[in-house]
Amino acid sequence: MLRLLASGCARGPGGGGGARPAAGLCDPGSSQSCQASDAPRNQPPSSEFVARSVGICSMMRLPVQASPEGLDAAFIGVPLDIGTSNRPGARFGPRRIREESVLLRTANPSTGALPFQSLMVADLGDVNVNLYNLQDSCRLIREAYQNIVAAGCIPLTLGGDHTITYPILQAMAEKHGPMGLVHVDAHMDVADKALGEKLYHGTPFRRCVDEGLLDCKRVVQIGIRGSSMTLDTYRYSRSQGFRVVLAEDCWMKSLVPLMGKVRQQMGVRPIYISFDIDGLDPAYAPGTGTPEIAGLTPSQALEIIRGCQGLNVVGCDLVEVSPPYDPSGNTALVAANLLFEMLCVLPKVTVA
């Protein structure tokens, strides 16, 4: 059973105006399907008709559902940070990202994407993690995402530290097989263990390789940088066949040409996007646990995500936002925008 904590139902007018409930919102206690084939889709309320400070704190003020049934895509929070190695606080990331998402609107004029005219989208609340047991939390996450994937719903995850990507990919690979991966991060997260433990936010992709969850020839890691304990820190990823793109190879240039190569590499098979907010320079995203200087810019982040347009994206996450180190809210604001951009590149999204 999907273990989600939905705090209530966010209701608001659709993009067409008028004070009416958001179309397509279902009763979480109902066994009926949430969406008939000809039913209108959920629309975030327009600030022309509903003040941004009004309503339940859901992602983009979308309706909150307890079930993924009837949804094409959904935002899900995983408020876990007991896998962090440095500054904690990512357990509060989903809530803060939702708060900042009030500034988002329904269309993407830069790309022409109209996600809410194309997909039925809602907020599924948060996975009920166990903050005293990382292994048990991974089990709870895996089971929740098995339910989401089985319903044919594409998950867009609000993290949480990067440990959560491992159980998510366990669930995704059960349906899709070994996945392609577009991974944006300051770190490769392929360590084997730390303090004797093989599961923390520095090991998720090593564990994924161990279990055959990744199609290693279709993995790209972008934004990698920072000091290390050895000079061959990139050896493991490259030995597996990953494309490793260092941050210094991205400095002061457009990443559009890179993403052209990535699209060719990924082909038509399923891919997953995992975006650690510390992939960005801490000047833009200071609210994270393990910041590294000289990172990517927000515009480069947009080039990476928009460069995934046309790929078979079956899931996404945005992780490692730590609000205690983000007093201005800028990190969470960037994160909310990047999640919207991910929504805009999903398959079946209409592009005008």
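Residues numbered from 1 in each chain as written. Predicted model: local features only at pLDDT ≥ 70, side-chain atom pairs only at ≥ 80, totals over all residues. Heavy atoms only, no water.

Within the protein chain, the secondary structure is distributed over nine helices and eleven strands. Of all 352 residues assigned to the protein chain, the portion counted as buried reaches 58%. The contacts of the protein chain with a sequence gap of at least 6 include a subset with a gap of at least 24, amounting to 78%. When the accessible surface of the protein chain is summed, it comes to about 14,300 Å², and 52% of that surface belongs to carbon and sulfur atoms. (Helix = DSSP H or I, 4+ residues; strand = E, 2+ residues; numbered from the N terminus. Buried < 20%, exposed > 50% of the residue type's maximum accessible area, 1.4 Å probe, protein only. Contact = heavy atoms within 4.5 Å. Areas by Shrake-Rupley, 256 points an atom, 1.4 Å probe, with all protein chains shown as cover.)

Throughout the structure, instances matching the rule amount to 14 salt bridges. Among the ionic pairs, Arg96 bridges to Glu100, the shortest N-O distance being 2.7 Å. Of this pair, Arg96 and Glu100 both sit in helix α1 (residues 93–100), four residues apart, which is roughly one turn of the helix. Accessibility expressed as a relative area gives 14% for Glu100, which makes it buried. As a salt-bridge pair, Arg139 and Glu143 come within 3.2 Å of each other at their nearest N and O atoms. Highlighted residues: Arg139 and Glu143, both in helix α3 (residues 134–150), separated by four residues, approximately one helical turn. For Glu143, a relative accessible area of 28% translates into the label partly exposed. Residues joined in a network through salt bridges with shared partners are Asp192, Lys198, Arg207 and Asp210. (Salt bridge = Lys/Arg side-chain N within 4 Å of Asp/Glu carboxyl O.)

Note: predicted coordinates in regions of low pLDDT should not be interpreted at a detailed level. Within the protein chain, residue pLDDT values average 91, and 89% of them lie at 70 or more. Here residues 1–36 scores under 50 on pLDDT; set against residues more than four positions off or in separate chains, the count is 82 contacts. (pLDDT = per-residue confidence, 0-100.)

Tracing the backbone through its elements, the reader meets Leu339 in helix α9 (residues 330–344). Take Leu339: its relative accessible area is 0%, and that puts it in the buried class. Taking the C-alpha atoms as reference points, Leu339 and Thr157, separated by 182 residues in sequence, lie 8.3 Å from one another. Ignoring any residue separated from it by four or fewer positions in sequence, one finds Leu339 in contact with Met59, Phe75, Ile97, Leu156, Thr157, Leu158 and Leu318.

Taking 1.5 Å as the rise per residue, α9 with 15 residues should run 21 Å; its terminal C-alpha atoms sit 21 Å apart, in good agreement. Within α9, twelve of the 15 residues are buried, leaving the element largely enclosed by the surrounding structure. Residues Thr331, Ala332, Val334, Ala335, Ala336, Leu338, Leu339, Phe340, Glu341, Met342, Leu343 and Cys344 constitute the buried set of α9. (Expected span 1.5 Å × (residues − 1).)

Most of strand β7 (residues 214–224) is tucked away, with ten of its eleven residues classed as buried. Pairing between strand β6 (residues 179–184) and β7: five bridges, direction parallel. Paired with Val182 across the bridge in β7 is Val220. As a crossover connection, the stretch from β6 through helix α5 (residues 204–210) into β7 is right-handed. Bridge analysis of β7 against strand β8 (residues 243–246) gives four bridges, and the strand direction is parallel. The residue bridging Val220 from the neighbouring strand is Arg243, located in β8. (Pairing = 2+ DSSP bridges. Right-handed = clockwise from strand over helix to strand, strands pointing away.)

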